[in-house]
Amino acid sequence: MAKNTYKQDEALEEPFDIKHLLRASSYIKKYMKRMILAIVLSGIGGAFGYIAPMIIQRALDIAIPDKNMQLLFTLVGVLIGIYVVSVVFTTIRSRIMVDVSQNIIYDIRKDLFEHLQELPFQYYDDRPHGKILIRVVNYVNSVSDMLSNGLINIVLECFNLLFIVIFMFMVDVQMALVVLCGVPVLAVFMFWIKNKQRKAWQAVSNKNSNLNAYLQENIVGARITQIFAREDENAEIFDELSKDCRRTWNTAVRYSNLVWPGIDSISVCVRAAIFLFGLVIFGQGNKSLGTIVAISSYASYFWQPIMNLGNIFNNFINNIAYLERIFETIDEPVTVKDAEDAVPMPKIRGKVTFDHVQFAYDDTKTILKDVSFTVNPGESVALVGPTGAGKSTIVNLISRFYNVNGGRVLIDDQDISRVTIHSLRSQMGIMMQDSFIFSGTIEDNIRYGKLDATREEIVKASKIVCADEFITKMKDGYDTEVRERGSMLSQGQKQLISFARTLLSDPAVLILDEATSSIDVQTEKALQTGLNAMLEGRTSFIIAHRLSTIRNCDKIMYIDAGGIMETGTHEELMAKKGYYYRLYTAQLDDIQTAG
Ligand SMILES: Nc1ncnc2c1ncn2[C@@H]1O[C@H](COP(=O)(O)OP(=O)(O)OP(=O)(O)O)[C@@H](O)[C@H]1O
């Protein structure tokens, strides 16, 4: 997906490209045997069904006029037998196909999800998440139906058509030709209506995708909407997007509603022609009543497969576009990935070096220009500076969430682009300002840091970071269910849980990006002991706007204008009376004024 917003339709009207279908065949290969069995069962069931009009013809032309009851009962028995076989075979086929289709959905979703998990931050920065969701949920459903039922139905409908034509010719060649005269008329009508229908349904799909993107954005931003009382404006946008959905849906349904009346009209004309030709033009008495009834039945069957093939063709065109979108996502380059000769990162001691690092998120602006520094194992470093200076960018590069554009980031003198990402990140503890809480219990959330941790280890970590006190006050303690995103917890509580989670993972390098911003001063003071215990023996990078919290760090780096403007301890930088001094005193002044 190119960069996109909820206001932009996705390009779905692609020229039919067989390569997507060929690629998709990898998803159906392992279910081929079952699909062939389904085709055979349906073929047999269908063929049996088409014998019925011939049996009725015999009943009307022979058994009833001759009053041959034995023949009549035999024919009725055969009819019932045909019906039973058709039903049994069709039911088995349906079961097989439901199973195959669900397996294909599972396989494609698995590939998509695994890939989405590997995609770099940048991918998610550039796209509405609602549109990513619609690919994984709706498009995959639709495509899997095409790959399973769609492909089988093409084969079956072609067989159906063939059977019907053969049986019609077996009943009467002249009358069969009369029926076939309706085909060109039907073909023109189908071509016109299906083209309209396809475009109309693509528009529906696009508008739904836009609505989904906007809805998702609004659910996440519901609090901000209410804070800024933006409900009316948002409702208006939502209203417009909903109207687009309604309008496109109505148009699509209007075309769909034209299909059956159109086909019915052609079918009625053909059947009228059957009676006209059968009873008048070919001469009275030349065609038996049974022949006319049988041909008329076949003629009514005849349109169904043609109509179904038209629908399948339409679905194919739409689904090929969906397939392309799915493959586009699967092919989205994982720009941050293991090098081919990547080796596992040995146990980290904690020396972190930036060696002439250059970095830009995009072509518009260089964020870090030739940044170099070294942090020794066990040192704590605070990154300070104005907003947007590049502090978070620096810590994101240490964990290799982005690749550097120039220079190297080294840990223990090892270039981190040469080690496996998993071995690197699994030794890092990263705490962001927005502490993400998953649905589940508090214990589950803390255990996220170490999946095999015991309850004792969890409680111990919580005690160190001062989370135990508020957790044990809750009715169910560590077993308290926190709803999605931890909506029942305060920001500070979420951060404390996050601290416990990080401590449990026992990282060699610790990154705290505004991690204590939501914790009240009192708790922060209490937490400081825990925090000190946490920092002990680990290299740590701390970003904090509240400068009082980083005074004791071994080193403070003042970041601005794409580089490090000052480095030193709190005392050194205060004595220097430079950038840090001004920032610190300004903050002190603010506190005193507020006090
Ligand atoms: N995903 C992104 N894509 C493009 N530009 C980005 C992205 N993330 C950050 N930036 C830009 O990079 C610059 C540095 O951002 P960064 O988040 O590192 O600043 P910061 O010093 O941590 O700021 P703050 O103190 O406000 O958190 C900013 O100008 C920001 O606009």
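Here, residues in each chain are numbered from 1, in the same order as that chain's written sequence. Local features in this predicted model are restricted to residues of pLDDT 70 or higher, and side-chain atom pairs are both shown and tallied only at a pLDDT of 80 or more, whereas totals for entire chains, interfaces and linings draw on every residue. Hydrogens and water are ignored here; the side-chain numbers use all heavy atoms of the structure.

A. Fine view of the overall build of the chain. Each helix is a run of H or I in the DSSP string that is no shorter than four residues. Each strand is a run of E no shorter than two, and both are numbered from the N terminus. Along the backbone of the chain there are 19 helices and 12 strands. What you see for the chain is a C-alpha radius of gyration of 35 Å, clearly larger than the 25 Å of a compact globule of 595 residues, by over 25%. Principal-axis analysis of the C-alpha atoms places the extent of the chain at approximately 120 × 50 × 45 Å. For the exposure calls, accessible area comes from a 1.4 Å probe over protein chains only, and a residue counts as buried if that area is under 20% of its type's maximum, exposed if over 50%, partly exposed in between. Every one of the 595 residues in the chain was classed for burial, and the buried ones make up 47%. The size measure is the radius of gyration over C-alpha atoms, and the globule rule it meets is 2.2 Å times the number of residues to the 0.38 power.

B. Focus on the sheet that holds strand β5 (residues 414-415). Strand pairing is assigned whenever DSSP detects at least two bridges linking the two strands. Here we have 4 strands laid out as an open sheet, ordered β2-β1-β4-β5, and antiparallel in their pairing. Only two strands of the sheet have a single partner each, and these edge strands are β2 (368-375) and β5. One ladder, built from 5 bridges, connects strand β1 (residues 352-359) with strand β4 (residues 406-411); its direction is antiparallel. Bridged to T353 within β4 is L410. Contacts are assigned to residue pairs with any non-hydrogen atoms lying within 4.5 Å of each other. Under this scheme, a helix contributes an axis fitted over its contacting stretch, all axes are lines through C-alpha atoms, and angles between N-to-C directions fall in the 0 to 180 degree range. Set on the sheet, helix α11 (residues 391-398) makes contact with β1, β2 and β4; between it and β1 the angle comes to about 115 degrees.

C. Local environment of the site of the ligand. We define proximity as follows: a residue is near a molecule or strand when any one of its heavy atoms falls within 4 Å of that partner. Close to the ligand lie 15 residues, the nearest being D125, T387, G388, S392 and T393. Interatomic distance of 2.8 Å between a backbone N/O atom of G388 and an oxygen atom of the ligand. Side-chain atoms alone can form a polar contact between residues adjacent in sequence; in general such a contact is a pair of N or O atoms within 3.5 Å, and within protein one must be able to donate a hydrogen while the other accepts it. One of the backbone nitrogen or oxygen atoms of A389 is found 3.0 Å away from an oxygen atom of the ligand. Using a 1.4 Å probe, the Shrake-Rupley method yields the accessible areas, and only the shown protein chains count as cover for residues. For the ligand, the protein covers 68% of the area, taking 640 Å² as the surface of the free molecule. Looking at the shell around the ligand, the elements that each hand over two or more residues are α4 (121-125) and α11. Among the elements that make up the shell around the ligand, the one with the highest residue count is α11 (3 residues).

D. Structural detail: the packing of aromatic side chains. Pairing of aromatic side chains requires ring centres within 6.5 Å, counting the rings of Phe and Tyr and the six-membered ring of Trp. Pairs whose planes differ by under 30 degrees are stacked, by over 60 edge-to-face, and all others tilted. Inspection of every chain in the model, using the stated rule, returns 14 aromatic pairs. On the numbers, 4.5 Å between centres and 15 degrees between planes, the contact of F354 with F373 is stacked. In this pair, F354 sits in strand β1 while F373 sits in strand β2, placing the two residues 19 residues apart along the sequence. We note that F354, like F373, is buried. Cation placement over rings: the criterion is NZ of Lys or CZ of Arg within 6 Å of the ring centroid and within 35° of the ring normal. Over the face of the ring belonging to F327 we find R23, whose NZ or CZ atom lies 4.1 Å from the ring centre. In this arrangement the basic side chain of R582 is found over the ring face of Y579, its NZ or CZ atom lying 5.5 Å from the centre.

E. The UniProt feature "transmembrane region" (unreviewed entry) in the chain, seen in detail. UniProt feature "transmembrane region" (unreviewed entry): in the numbering of this structure it lies at residues 35-56, 71-92, 151-169 and 175-193. Secondary structure content for residues 71-92 is 100% helix and 0% strand, while the C-alpha to C-alpha distance between its ends is 32 Å. Helix and strand shares over residues 175-193 are 95% and 0% respectively, and the end C-alpha atoms of the span are 28 Å apart. UniProt positions are given in the numbering used here, feature names are shortened, and annotations may be inferred rather than shown by experiment.

F. The arrangement of the packing of helix α2 (residues 32-63) against helix α3 (residues 69-118) in detail. Close contact between α2 and α3 brings their axes to 8 Å; oriented N to C, the two are set at 160 degrees. As the angle between them shows, α2 and α3 are arranged roughly antiparallel. The element α2 and its partner α3 pack so that their crossing is left-handed. These descriptions rest on fixed angle ranges, namely under 35 degrees for roughly parallel, over 145 for roughly antiparallel, 65 to 115 for roughly perpendicular, and the rest for oblique. The crossing is said to be left-handed when, going from far helix to near helix, the turn is anticlockwise and less than a right angle, and right-handed when the turn is clockwise.

G. Quick look at the environment of S25. Here S25 lies in helix α1 (residues 18-28). Separated by 122 residues in sequence, S25 and L147 have C-alpha atoms that sit 8.0 Å apart. Reaching out from S25, the side chain makes a polar contact with the backbone oxygen of L22 at a distance of 2.3 Å.

H. Expanded view of the pairing of β4. Of the pairings in the sheet, the one linking β4 to β5 comprises 2 bridges and is antiparallel in character. Note that in β5 the partner of I411 across the bridge is Q414. Linking two consecutive strands that pair antiparallel, namely β4 and β5, is a turn of 2 residues; a positive phi of about 50 degrees is found at D412 within it.

I. Fine view of a negative patch on the surface. Among the surface-exposed residues, E231, D232, E233, E236 and E240 lie close enough to one another that they form a single negatively charged patch. As for its position among the elements, E231 is in helix α9 (residues 231-281). For E231, a relative accessible area of 37% gives the class partly exposed. Patch membership requires more than 30% relative accessible area and the absence of a salt bridge. Residues of like charge join within 9 Å; the nonpolar side chains Val, Leu, Ile, Met, Phe, Trp and Tyr join within 5 Å. Here, a salt bridge means any Lys or Arg side-chain nitrogen found within 4 Å of an Asp or Glu carboxyl oxygen. His is not counted, nor are the chain ends, whereas Lys and Arg count as positive and Asp and Glu as negative. Each charge is placed at NZ for Lys, CZ for Arg, CG for Asp and CD for Glu.

J. Here's a closer look at the sheet that holds strand β6 (residues 428-431). In space, the 6 strands of this open sheet follow the order β6-β9-β10-β3-β11-β12, with mixed pairing throughout. The sheet terminates laterally at β6 and β12 (563-568), the two strands that pair on one side only. Each adjacent strand pair in this sheet contributes to an overall mean axis angle of 15 degrees, direction not counted. Bridge analysis of β6 against strand β9 (residues 509-513) gives 4 bridges, and the strand direction is parallel.

K. Representation of the pattern of salt bridges within the structure. A full pass over the atoms with the stated rule returns 18 salt bridges. E114 is the partner of K110 in a salt bridge, and the nearest nitrogen-oxygen pair spans 3.5 Å. Highlighted residues: K110 and E114, both in helix α3, separated by 4 residues, approximately one helical turn. Judged by its relative accessible area of 42%, E114 is partly exposed. Among the charged side chains, a network of salt bridges with common partners joins E443, R447, R455 and D479.

L. Inspection of the nonpolar core at higher detail. I446, F470, F499, L512, I550 and Y580 are the most contacted members of the largest nonpolar core, which totals 41 residues. Top contributing element to this core by residue count: helix α16 (residues 491-504), with 6 residues. For the domains described, the bounds stem from an automatic or database domain assignment. Looking at which domains feed residues into this core, each of domain 2 (339-427 + 509-595) and domain 3 (433-506) supplies at least three. Put simply, buried Ala, Val, Leu, Ile, Met, Phe, Trp, Tyr and Cys residues joined by side-chain atoms within 4.5 Å make one nonpolar core. Listed in part, the 38 residues of the second largest apolar core include Y27, I105, L112 and I132.

M. Summary view of the side chain of S101. Relative to the helices and strands, S101 is located in helix α3. On the basis of relative accessibility, which here comes to 8%, the residue S101 falls in the buried class. Apart from the residues within four sequence positions on either side, S101 is in contact with S144 and S148.

N. Focus on a nonpolar patch on the surface. A cluster of nonpolar side chains, contributed by V76, I80, Y83, V84, V87, V88 and I92, occupies part of the molecular surface with about 610 Å² of accessible area. With respect to the element layout, V76 can be found in helix α3.

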